[in-house]
Amino acid sequence: MRVTTRNARFQQWQALLANRTKRQRLGQLLVQGVRPINLAIEHGLTIDTLLHNADARLSNWARGVLDESDAEAIAVAPELLAELADKDDAELVAVARRPDDRLGAITPSPDFLGVAFDRPTSPGNIGTLARSADAFGAKALMTTGHAADVWDPKAVRASTGSLFALSVARVDAVADVTAWLADSPTPVRVVGTDEHGDTDLAECDLTGPVLIVVGNETTGLARGWRDRVDVMARIPITGAASSLNAATAASIVLYEAARQRG
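Residues numbered from 1 in each chain as written. Predicted model: local features only at pLDDT ≥ 70, side-chain atom pairs only at ≥ 80, totals over all residues. Heavy atoms only, no water.

Turning our eyes to something else, we now look at the packing of aromatic side chains. Per the stated rule, a full pass over the model turns up 3 aromatic pairs. Judged by centre distance (6.4 Å) and plane angle (10°), the ring pair of W151 and F164 falls under stacked. Here W151, found in the loop between strand 7 (140–144) and helix 7 (153–158), pairs with F164, found in the loop between helix 7 and strand 8 (167–171); they are 13 residues apart in sequence, far enough to count as distant. For the pair W151 and F164, a shared accessibility class is recorded, and that class is buried. (Phe/Tyr/Trp six-rings, centres within 6.5 Å; stacked < 30°, edge-to-face > 60°. Helix = DSSP H or I, 4+ residues; strand = E, 2+ residues; numbered from the N terminus. Buried < 20%, exposed > 50% of the residue type's maximum accessible area, 1.4 Å probe, protein only.)

Shown next, in the form of structure tokens:
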């Protein structure tokens, strides 16, 4: 099958780029790039469709993905594929099923390390945080409140596919996480982050089951989280900077957790 015009099928894929409602309704997302596609396959995402360049000679990697997959393969005109991939020389774009992102699908273990991002506005920051969470041993990533879509292609791309290595949950309210924590058979310590926190990060115990919470890029943590955390950690900084980027701050806390855990 070939798609060379902006027909109904193409418009459906195009909607997955920027239309959160369509992604949710269709239960699908676009996966762009070599590593994200490889990790999506490695971590068991269902790939519905593989879109490949209709005119280019495909690399061994792209040909291998197509040959080994049961997904529908569709040749797409180069200019249309470039639009879906946000890259001129793209070979493949995958249309995948959205993973289960219900909070109830996550069960804390005795060595649980997770991170919650409260009301993030930037898909890129979500992806950056997911990449750090994966690198430093976290198992779960949550977004809470009115947040950017964790399955936005920009978030997936910024994570370089690490989103697929994590258990992901999209949560409407802090109260939902509070209820989940109360029901957990494993007690989880909640560590918030704030530039005015009362405990230096190095003095926080991050060795047991821990949920790290980082706030909105502009306004920080919501009141509900401030009332719920067990300790509010502060990252000492110097220089002219008044604060750190939210994803950067979370990455530092995740590194400290990994260091303490050996």
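Estimates place the volume of the largest pocket at around 400 Å³. Along the walls of the largest pocket sit 21 residues, with T193, D194, E195, S243 and L244 positioned nearest its centre. Put simply, the parts of the chain that give the lining of the largest pocket at least two residues each are strand 12 (231–234) and helix 10 (246–260). When its residues are assigned to classes, the lining of the largest pocket shows 8 nonpolar, 8 polar and 5 charged. The computed volume of the second largest pocket comes to approximately 200 Å³. Lining the second largest pocket we find Q32, G33, V34, W61, A85, D86, K87, D89, A90, E91, L92 and R157. Class assignment of the residues belonging to the lining of the second largest pocket gives a composition of 5 nonpolar, 2 polar and 5 charged. (1 Å grid on protein atoms, 1.4 Å probe; cavity = no way out; pocket = protein on both sides within 12 Å on 5 of 7 lines; lining within 4 Å. Points joined across faces, edges and corners; volume = space filled by probe spheres on them. Nonpolar A, V, L, I, M, F, W, Y, C, P; charged D, E, K, R; others polar.)

Read from one edge to the other, the open sheet built from 5 strands follows the order 1-4-3-5-2, with strand pairing classed as mixed. Only two strands of the sheet have a single partner each, and these edge strands are strand 1 (2–3) and strand 2 (28–32). Pairing of strand 2 with strand 5 (residues 92–97) involves 5 bridges; the strand directions are antiparallel. Among the inter-strand pairings, V31 is bridged to a residue of strand 5, identified as A94. Docked against the sheet, helix 3 (residues 34–42) engages strand 2, strand 3 (47–53) and strand 5, running at close to 130° with respect to strand 2. (Pairing = 2+ DSSP bridges. Contact = heavy atoms within 4.5 Å. Axes fitted to C-alpha atoms, helices over the stretch in contact; angles between N-to-C directions.)

Bear in mind that shape data such as this cannot, by itself, settle questions of function.
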